[in-house]
Amino acid sequence: MDETTQDAIEELHAMLDRARVIVPFTGAGISTESGVPDFRSPGSPWMTNKPIPFEAFLASREARIEAWRRKFVMDDHYRDARPNRGHRALATLVAEGRSPGVITQNIDGLHQASGIAEDGVIELHGNGTYATCLSCGWRHELSAIRAEFEASGEPASCMMCAGIVKTATISFGQQMPQQPMLRAHELTMSADLYLVAGSSLVVFPAATFPVIAKRNGAKLVILNREATDLDPIADLVVRSEIGPALARLAN
Ligand SMILES: [Zn+2]
């Protein structure tokens, strides 16, 4: 790690020490360090398949079969993913009451696995570790859906109402979830330090929340391996892996 990066990490920790309300906003970068692939990044093997839009998923049995097939292939790739130092550092901030919760674009459930309670993780793109019925909302476990899919080749339908079942993620073309969006806004407005960790800040609404925080008077820190469009308005940019930069909080 070069000297500039080390200096930036020192400054990051000084800012964390001074802050009263720290709100982390996380993206794929924090989880790639746990071996979870970044599905949206260019060059990702997952981007060779065009995403299945929500409308197509609803309209076509074939699209649903393809969606489940891809889902289970992906799951096999990150089945063993565990929270890393970055996740654990943020969990410590929440446990110590220095942060009210984490806003995330990730669907991997690793913030919860790191010890943050369900209501302390605001998931903007939903959760890929279980499924729900689109008609009645009933929760379905993936293990049961997979066993049935592999036995019959049929996409899951709801055992309660026979409705269409889908992973609890937000697909392309699907409306943003209202409750998490409201809570994310609330948390964003409460921050005096807004800590972006591992998001390239291009997907809506990721690009807007840090701007809202900044306009509301929060300090904005962007911790990401690559440059982002919001770097020019950040109070501090740290160009680094997340885990090493935050590790000392995790103890
Ligand atoms: Zn149902």
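Residues numbered from 1 in each chain as written. Predicted model: local features only at pLDDT ≥ 70, side-chain atom pairs only at ≥ 80, totals over all residues. Heavy atoms only, no water.

## A few points about the coordination of the zinc ion
The zinc ion binds to the protein through Cys 133 (SG), Cys 136 (SG), Cys 158 (SG) and Cys 161 (SG); the donor distances cover 2.3 to 2.4 Å. Coordination at the zinc ion is tetrahedral: its four donor atoms span angles of 98 to 117° at the metal. Here the donor residues of the zinc ion share one chain and are spaced in sequence as C-x2-C-x21-C-x2-C. (Donors = N, O, S within 2.8 Å, 3.2 Å for Na, K, Ca; no water. Tetrahedral: all angles 85-135°; square planar, octahedral: opposite > 155°, others 65-115°.)

## Brief notes about the nonpolar core
The biggest cluster of nonpolar side chains holds 27 residues, and the ones touching the most others in it are Leu 12, Leu 16, Leu 195, Val 221, Leu 223, Val 238 and Leu 246. Going through the elements one at a time, helix H1 (3–18), helix H5 (85–95), strand E7 (193–197), strand E8 (219–223), strand E9 (236–238) and helix H10 (242–246) are the ones with two or more residues in this core. Ranked by the residues each element gives to this core, the list is headed by H1, at five residues. Non-local contacts of Leu 12, meaning those with residues more than four positions away in its chain, are made with Leu 195, Val 221, Leu 223, Leu 236, Val 238, Ala 245 and Leu 246. Listed in part, the 21 residues of the second largest apolar core include Phe 25, Val 196, Ala 218 and Ile 222. (Core = buried A, V, L, I, M, F, W, Y, C linked by side-chain atoms within 4.5 Å. Buried < 20%, exposed > 50% of the residue type's maximum accessible area, 1.4 Å probe, protein only. Helix = DSSP H or I, 4+ residues; strand = E, 2+ residues; numbered from the N terminus. Contact = heavy atoms within 4.5 Å.)

## Looking at helix H4 (residues 61–78)
For H4, which comprises 18 residues, the first-to-last C-alpha distance of 26 Å matches the rise-based estimate of 26 Å (1.5 Å per residue) to within 8%. Every buried residue belonging to H4 is among Ala 63, Arg 64, Trp 68, Arg 70, Lys 71, Phe 72, Asp 75 and Tyr 78, and all of these are buried. Those residues of H4 that are buried lie in contact with helix H3 (54–59), strand E4 (126–133), helix H7 (142–152) and strand E6 (165–169). You can read the cap of H4 off the contacts: a side-chain oxygen lies 3.2 Å from the backbone nitrogen of Glu 62, and it is on Ser 60. (Expected span 1.5 Å × (residues − 1). Polar contact = N/O pair within 3.5 Å; in protein donor to acceptor, adjacent residues only side chain to side chain.)

## Describing a nonpolar patch on the surface
A grouping of Trp 138, Met 159 and Met 160 is seen on the molecular surface, where their side chains present a nonpolar patch of about 360 Å² in accessible area. Mapped onto the secondary structure, Met 159 falls in the loop between H7 and E6. Overall, the relative accessible area of 63% leaves Met 159 in the exposed class. (Patch = residues over 30% accessible without salt bridge, like charges linked within 9 Å, V, L, I, M, F, W, Y side chains within 5 Å. Areas by Shrake-Rupley, 256 points an atom, 1.4 Å probe, with all protein chains shown as cover. Salt bridge = Lys/Arg side-chain N within 4 Å of Asp/Glu carboxyl O.)

## Side note on the pattern of salt bridges
Opposite charge on two side chains permits pairing when their charged atoms draw close. Tallying each qualifying case throughout the model produces 18 salt bridges. Note that Arg 79 is salt-bridged to Asp 76, the shortest N-O span being 2.5 Å. Overall, the relative accessible area of 38% leaves Asp 76 in the partly exposed class. Counted as one network, the salt bridges with shared partners bring together Asp 76, Arg 79, Arg 146 and Glu 150.

## What to know about the sheet that holds E8
Taken in spatial order, the six strands of this open sheet run E3-E2-E1-E7-E8-E9, and their pairing is parallel. Across the chains shown, the open sheet's two edge strands, defined by having one partner strand only, are strand E3 (121–123) and E9. Between one strand and the next, the sheet's axes are offset by a mean angle of 20°, whatever the strand orientation. Of the pairings in the sheet, the one linking strand E1 (residues 22–26) to E7 comprises five bridges and is parallel in character. (Pairing = 2+ DSSP bridges. Axes fitted to C-alpha atoms, helices over the stretch in contact; angles between N-to-C directions.)

## Side note on the packing of aromatic side chains
Summed over all chains, the structure comprises four aromatic pairs. Ring geometry for Phe 72 against Phe 149: centres 5.7 Å apart, planes inclined by 55°, an arrangement best described as tilted. Linking Phe 72 in helix H4 with Phe 149 in helix H7, this pair joins segments that are 77 residues apart in sequence. Put simply, the rings of Phe 25, Tyr 194 and Phe 209 touch in pairs and so form one group of aromatic residues. The residue whose ring lies beneath Arg 139 is Tyr 130, and the NZ or CZ to ring-centre distance is 4.0 Å. (Phe/Tyr/Trp six-rings, centres within 6.5 Å; stacked < 30°, edge-to-face > 60°. Lys NZ or Arg CZ within 6 Å of the ring centre and 35° of its normal.)

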